[in-house]
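Take a look at the letters that make up each chain.
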Amino acid sequence: MADVDRGIEAAGGAIVGRDGGTHRCDQLLRHQLADAAATSAAGHAPAAGFAALRRTDVQLAQLRGLVDRMDAETDPAEWVRLDAEFHLAIAAASGNGVFAAVVGELRDALSQQSKMINKLSKRQQASGVEHRVILDAIADGSYEGAANAMSDHLRIVESTVVS
């Protein structure tokens, strides 16, 4: 098995061992996920900022409900679905149709990224804390706080993908 791992690494593949398991993720997939994260960050941070300024009480309640459900969720697949729904709900709350369309188009790539990250690095709990910070800034009506919290969250996610 070690020879196979060295061969994969020599061919540009990445070997990531977590919790006693070994996962193989080729460079192309890693680059695609990193590209999706970078594109997402470009739209997500201002979308979160605008959501802080434009969200309705109904949208805020929806965001709170999603974060609460993610915190309690034990099924990884359902957590990933809720995560995508949370990010889409922020884009919708921004009141900017372009942000909502971009996030919607990236939904599948971001879900794949979320699945991989949660499987490899157990980021679910840390993401939950980061989601709460984003939510709190949106609730407070702070454009800067929400945009910065989203940027921080996505920077951590991206660094997990490319590391």
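Everything numeric in this text was worked out from a predicted model, so none of it was measured.

Draft legend 1. Focus on the nonpolar core. In terms of nonpolar packing, the biggest core is built from 23 residues, with Leu-63, Phe-86, Ile-90, Ile-134 and Ile-138 touching the most fellow members. Top element by residues in this core is helix α4 (residues 76-93). It accounts for 7 residues. Contacts of Ile-90, omitting those with residues within four sequence positions, involve Ala-47, Ala-48, Ala-51, Leu-63, Ile-134, Ile-138 and Met-150.

Draft legend 2. Region of the structure containing the packing of aromatic side chains. In the structure shown here, the tally under the stated rule is 1 aromatic pair. On the basis of an interplanar angle of 80° and a centroid distance of 5.2 Å, the ring pair of Phe-50 and Tyr-143 is categorised as edge-to-face. Residue Phe-50 is located in helix α2 (residues 27-54), and its partner Tyr-143 is located in helix α7 (residues 143-162); the two are separated by 93 residues in the primary sequence. Assessed through its relative accessible area of 23%, Phe-50 is described here as partly exposed. Taking the relative accessible area as the measure of exposure, Tyr-143 reaches 32% and is therefore partly exposed.

Draft legend 3. Molecular detail of the pattern of salt bridges. Counted under the stated rule, the structure contains 7 salt bridges. Asp-68 is the partner of Arg-132 in a salt bridge, and the nearest nitrogen-oxygen pair spans 2.5 Å. Linking Arg-132 in helix α6 (residues 124-140) with Asp-68 in helix α3 (residues 57-72), this pair joins segments that are 64 residues apart in sequence. Since its relative accessible area comes to 42%, Asp-68 is described here as partly exposed. Note that Arg-81 is salt-bridged to Glu-78, the shortest N-O span being 2.7 Å. Of this pair, Arg-81 and Glu-78 are both found in helix α4, 3 residues apart, which corresponds to roughly one turn of the helix. On the accessibility criterion, Arg-81 (33% relative accessible area) is partly exposed. Looking at Glu-78, the relative accessible area reads 22%, which means it is partly exposed.

Procedures and definitions
The numbering scheme is per chain: residues are counted from 1 as the chain's sequence reads. Confidence filtering applies because this is a predicted model: local features only for residues at pLDDT of at least 70, side-chain atom pairs given and counted only at 80 or more, and all residues used for totals across whole chains, interfaces and linings. Computation of side-chain values covers all heavy atoms of the structure but excludes hydrogens and water. The set of buried Ala, Val, Leu, Ile, Met, Phe, Trp, Tyr and Cys residues whose side-chain atoms join them within 4.5 Å is what this entry labels a nonpolar core. Accessible area is worked out with a 1.4 Å probe on protein chains only. A residue is then buried under 20% of its type maximum, exposed over 50%, and partly exposed in between. Labels follow the DSSP assignment, with helices taken as runs of H or I lasting at least four residues and strands as runs of E lasting at least two, numbered in each case from the N terminus. Any pair of residues with heavy atoms lying within 4.5 Å of one another is described as a contacting pair. Aromatic rings from Phe, Tyr and Trp, with only the six-membered ring used for Trp, were paired whenever their centres fell within 6.5 Å, and each pair was classed as stacked if the ring planes differed by under 30 degrees, edge-to-face if by over 60, and tilted otherwise. By salt bridge we mean one thing: a side-chain nitrogen of Lys or Arg within 4 Å of a carboxyl oxygen of Asp or Glu.

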